[in-house]
Amino acid sequence: MEDRAPVSSVSQQSISQSSTNRRFAGRGAWVLTAYGISGLALFGLLAYFFSDFIAH
């Protein structure tokens, strides 16, 4: 029975570490999404001004 106590605490520690890692794992995807949306908005703005420049 004494052998099982450290195993339980180690598994509990690994569970808490994996939940912590899982919480921050998607941060890079959100940053890339924000950069992608910003890039599309900038491209749209540049396309608008370029087409306005060509039209005049």
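Our structure is the block above this text.
A brief report on the enclosed structure follows. All values reported here derive from a predicted model rather than from experimental measurement. (Residues numbered from 1 in each chain as written. Predicted model: local features only at pLDDT ≥ 70, side-chain atom pairs only at ≥ 80, totals over all residues. Heavy atoms only, no water.)

### Re the overall build of the chain
The secondary structure content of the chain amounts to two helices and zero strands. Expressed as a percentage of the 56 residues in the chain, the buried residues total 0%. Surface accessibility of the chain: about 5,400 Å² in total, with carbon and sulfur atoms responsible for 67%. (Helix = DSSP H or I, 4+ residues; strand = E, 2+ residues; numbered from the N terminus. Buried < 20%, exposed > 50% of the residue type's maximum accessible area, 1.4 Å probe, protein only. Areas by Shrake-Rupley, 256 points an atom, 1.4 Å probe, with all protein chains shown as cover.)

### Section: the packing of aromatic side chains
In this structure the tally under the stated criterion is one aromatic pair. Ring geometry for Tyr48 against Phe49: centres 5.4 Å apart, planes inclined by 65°, an arrangement best described as edge-to-face. (Phe/Tyr/Trp six-rings, centres within 6.5 Å; stacked < 30°, edge-to-face > 60°.)

### Concerning a nonpolar patch on the surface
A grouping of Leu42, Leu45, Leu46, Tyr48 and Phe49 is seen on the molecular surface, where their side chains present a nonpolar patch of about 550 Å² in accessible area. By the secondary structure assignment, Tyr48 is in helix H2 (residues 27-55). (Patch = residues over 30% accessible without salt bridge, like charges linked within 9 Å, V, L, I, M, F, W, Y side chains within 5 Å. Salt bridge = Lys/Arg side-chain N within 4 Å of Asp/Glu carboxyl O.)

Shape descriptors only; they carry no functional weight alone.
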